[in-house]
Each structure stands twice: as structure tokens, then as C-alpha cells.
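Chains, contacts and geometry: an overview
Chain by chain, the residues run as shown.
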Amino acid sequence: MADLTEPVVVIGLGRFGAALALELASRGTEVLGLDHRPKVVQAMSGRLPHVVTADSTDIEALRQLGVGEFRRAVVAIGTDIQASILTTSLLAELGIPDIWAKAVSDQHRHILTRVGAHKVVAPEHDMGERVAHLLSGRILDYVEVDADFAVVKTTPPRDVVGRPLRDSRLRSRWGVTVVAVKPQATIGRRPEFTHATPDTVLAYGDLILIVGPVDNVERFAASE
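The rules behind the values
Starting afresh in each chain, residues are numbered from 1 along the sequence in its written order. Note on the predicted model: pLDDT of at least 70 is required for a residue's local features to be given, and 80 or more for side-chain atom pairs to be given and counted; whole-chain, interface and lining totals, by contrast, use all residues. Side-chain numbers here rest on the full set of heavy atoms in the structure, without hydrogens or water. Runs of H or I in DSSP of at least four residues are treated as helices and runs of E of at least two as strands, each being numbered from the N terminus. Only C-alpha atoms enter the radius of gyration; for comparison, a globular chain is expected to reach 2.2 Å times N to the power 0.38, where N is the number of residues. Any residue under 20% of the maximum accessible area for its type is buried, any over 50% is exposed, and the rest in between are partly exposed; the area is computed with a 1.4 Å probe on protein chains only. We call two residues contacting when some pair of their heavy atoms lies within 4.5 Å. Computed with the Shrake-Rupley method and a 1.4 Å probe, the accessible areas treat only the protein chains shown as cover for residues. The charge count includes Lys and Arg as positive and Asp and Glu as negative, but it does not include His or the ends of the chains. Charge positions are represented by NZ for Lys, CZ for Arg, CG for Asp and CD for Glu. Fitted lines through C-alpha atoms give the axes, limited to the stretch in contact for helices. The angle between two N-to-C directions lies from 0 to 180 degrees. An angle below 35 degrees is treated as roughly parallel, one above 145 as roughly antiparallel, one from 65 to 115 as roughly perpendicular, and anything else as oblique. When the near helix sits turned anticlockwise from the far one by under a right angle, the crossing is termed left-handed; a clockwise turn instead gives a right-handed crossing. If DSSP finds at least two bridges between two strands, the strands pair. Candidates for patches are residues over 30% relative accessible area with no salt bridge; among them, like charges are joined within 9 Å and nonpolar side chains (Val, Leu, Ile, Met, Phe, Trp, Tyr) within 5 Å. Any carboxyl oxygen of Asp or Glu within 4 Å of a side-chain nitrogen of Lys or Arg constitutes a salt bridge here. Nonpolar cores were defined as sets of buried Ala, Val, Leu, Ile, Met, Phe, Trp, Tyr and Cys residues, with membership established by side-chain atoms within 4.5 Å.

1. Overview of the overall build of the chain
Helix and strand counts for the chain stand at eight helices and 11 strands. Taken against the 2.2 N^0.38 rule, which gives 17 Å for 224 residues, the C-alpha radius of gyration of the chain at 22 Å runs more than 25% over that of a compact globule. Along the first, second and third principal axes, the C-alpha set of the chain runs to 65 × 40 × 30 Å. Each of the 224 residues in the chain was classed as buried or not, and the buried ones make up 40%. Across the chain, contacts joining residues at least 24 apart in sequence account for 54% of those joining residues at least 6 apart. Accessible area of the chain: about 12,700 Å², with a carbon and sulfur share of 54%. Across the chain, the 25 positively charged side chains and the 28 negatively charged ones have centroids separated by 7 Å.

2. A look at the packing of helix α4 (residues 81-93) against helix α5 (residues 106-115)
Where α4 meets α5, the axes come as close as 8 Å, and the angle between the chain directions of the two elements is 20°. By the angle between their axes, α4 is roughly parallel relative to α5. You can see that α4 and α5 cross each other, and the crossing is right-handed. Taken together, the residues of α5 that come into contact with α4 (itself represented by Ile-81, Ser-84, Ile-85, Thr-88, Ser-89 and Ala-92) are His-108, Ile-111, Leu-112 and Val-115.

3. What about the sheet that holds strand β11 (residues 207-213)?
Taken together, five strands build an open sheet; the order of strands is β7-β8-β11-β9-β10 and the sheet is antiparallel. With one partner strand each, in any of the chains shown, β7 (141-146) and β10 (194-195) form the two edges of the open sheet. In the packing of helix α8 (residues 214-222) onto the sheet, the strands contacted are β7, β8 (149-154) and β11, and the crossing angle to β11 comes to about 145°.

4. Observations regarding a nonpolar patch on the surface
On the surface, Met-127, Val-131 and Leu-135 cluster together into a nonpolar patch covering about 300 Å² of accessible area. The residue Leu-135 is located in the loop between α6 (123-134) and β7 in this model. In this structure Leu-135 comes out as exposed when scored by relative accessible area, which is 71%.

5. Some details on the pattern of salt bridges
Pairing between side chains of opposite charge can happen when their charged atoms approach one another. Under the counting rule described, the total for this entry stands at six salt bridges. When the shortest N-O distance is used, the salt bridge between Arg-37 and Asp-35 registers 2.8 Å. Note that Arg-166 is salt-bridged to Asp-199, the shortest N-O span being 2.2 Å. Of this pair, Arg-166 sits in the loop between β8 and α7 (170-173) while Asp-199 sits in the loop between β10 and β11, and the two are 33 residues apart along the sequence.

6. Observations regarding the environment of Thr-29
Along the chain, the position of Thr-29 falls in the loop between α1 (15-26) and β2 (31-35). Of the residues examined, Thr-29 reaches a relative accessible area of 6% and is grouped as buried. Separated by 51 residues in the primary sequence, Thr-29 and Asp-80 have C-alpha atoms spaced 27 Å apart.

7. Structural notes on the sheet that holds strand β5 (residues 98-102)
Reading across the sheet, the six strands line up as β3-β2-β1-β4-β5-β6 and stay open at both edges, with parallel pairing between neighbours. The sheet is open, and its two borders are formed by β3 (51-53) and β6 (119-121), each paired with just one other strand. Recorded for the sheet is a direction-independent mean angle of 15° between the axes of neighbouring strands. Sheet topology places β5 next to β6; three bridges connect them, and they run parallel.

8. With respect to the nonpolar core
Among the nonpolar cores identified, the biggest contains 23 residues, and Val-9, Leu-34, Leu-62, Val-67, Leu-91 and Leu-112 are the most heavily contacted of them. Contributions of two or more residues to this core are made by β1 (8-11), β2, α3 (59-64), β4 (72-75), α4 and β5. Looking at this core, the element that brings in the most residues is α4, giving four residues. If near-sequence neighbours (up to four positions away) are discounted, Leu-34 is found in contact with Val-9, Val-10, Ile-11, Gly-12, Leu-13, Val-52, Leu-62, Leu-65 and Val-67. Judged by nonpolar contacts, the second largest core, of 19 residues, contains Tyr-142, Trp-174, Val-178 and Val-214.

Everything listed is a geometric property; what it means functionally is a separate question.
Right, dumping it as C-alpha cells:
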């Protein structure tokens, strides 16, 4: 299992990179932040313990900063696609085994993968998709875990309330599975999510986590 506190170098301290670096640091991870803009570095210097002005497209600058000694790196450069691609390729040349990179388009994503990124994320695109799903039906939260498979937080429709899950035939009717349930709040008890079983009986106001193909979970969440 990976050590969550293993050092990470974050290159590019725009909104995405800065938020990521600060969140990692708050979780106890040692973070080295790099950006080529002195004003950005100065603004982050009081918030991150290790932040440096550097040109990430210069492999000698990266070597001098010891970037090649990191096992994890994130290229959070967004608008300068050329710098993003070149930086990613240099990190691969330095032999960093776990390189994450931010993409702003499908073509950018493809190139980043080709030059050495092990994981590519598209925050704006992914958030747009997520919000679109949240705007439909009873979906309260949505996480796509594969190209066509999602985990959704929602509330149960009327026809599955008041009887054990084994009798609701969710898999055969909807193609989804309830994996966890959070009962509605009661006096003196703080509800928490617990594993669902075939004997679980859902009530109005409960929160449930369901998993299944995207079309199926959306159809289930839109039912009444």
C-alpha cells in the first residue's frame, strides 16, 4: 500500500495545483511546489513550507531541485499546453514512477499519456459531467469510477421503501446494487452509513449508495 505521506512535487500552482498542494500538506504529506511565476510563489510561500520559482521545462533545474528523487509528481500546468507536455516528458526521463498530469482536452490527455503520464485528470471536464448528473433526478452525489460505471448517493424511490432489499429485485429491474444505507436522523443518534444486506429495509428519507452502469443508476435515481 502506498504511503499517503510520501513526498509529492506539484508543478504549476494555479487554482488546481495550489488547492491540491495545500490539501496534501494539510494531510501531512511533504509537498514541494514549483511554479515559474515569482508572484505566485511569493503568495504561496507563507502557505506551503517548500515552494520554489523554477522553469519546469529545464531538466537541469529539475535535477538541481532534486525532483528526480521524488516517487510522485503532479503536473498541474493548465493553460500552457507545451510546457505541460514537456514537463511531463522530463519527469518521465528522470524516472519518476508515479506521474499525474492535468489535461484541458482529449488531445492533451492523449499526448500526456504518450509522453509518460501514468494518470491524467481533467478537473474542469470531470466537474462539468458531475454537475450535469447532479442536476438530474434524486442524485445527491456522483462518482464515475470507470468509463460506464458509477457510484451514486441518492434516496430510495417509493416502490423499494418498506420491504427488505431481497424483495425489491433491484438488480433484475434496474441493474443496480445498494451497497450502503444511512438512515434518516433520529433524536439522540447521529446516523452513519452502514453496509446494506438482503435484510435491509429502506425508509423515506434514508440515503443510499448505489453502484451500477451509468445509464442504470441515472434511470433508478429518476424513478418515483
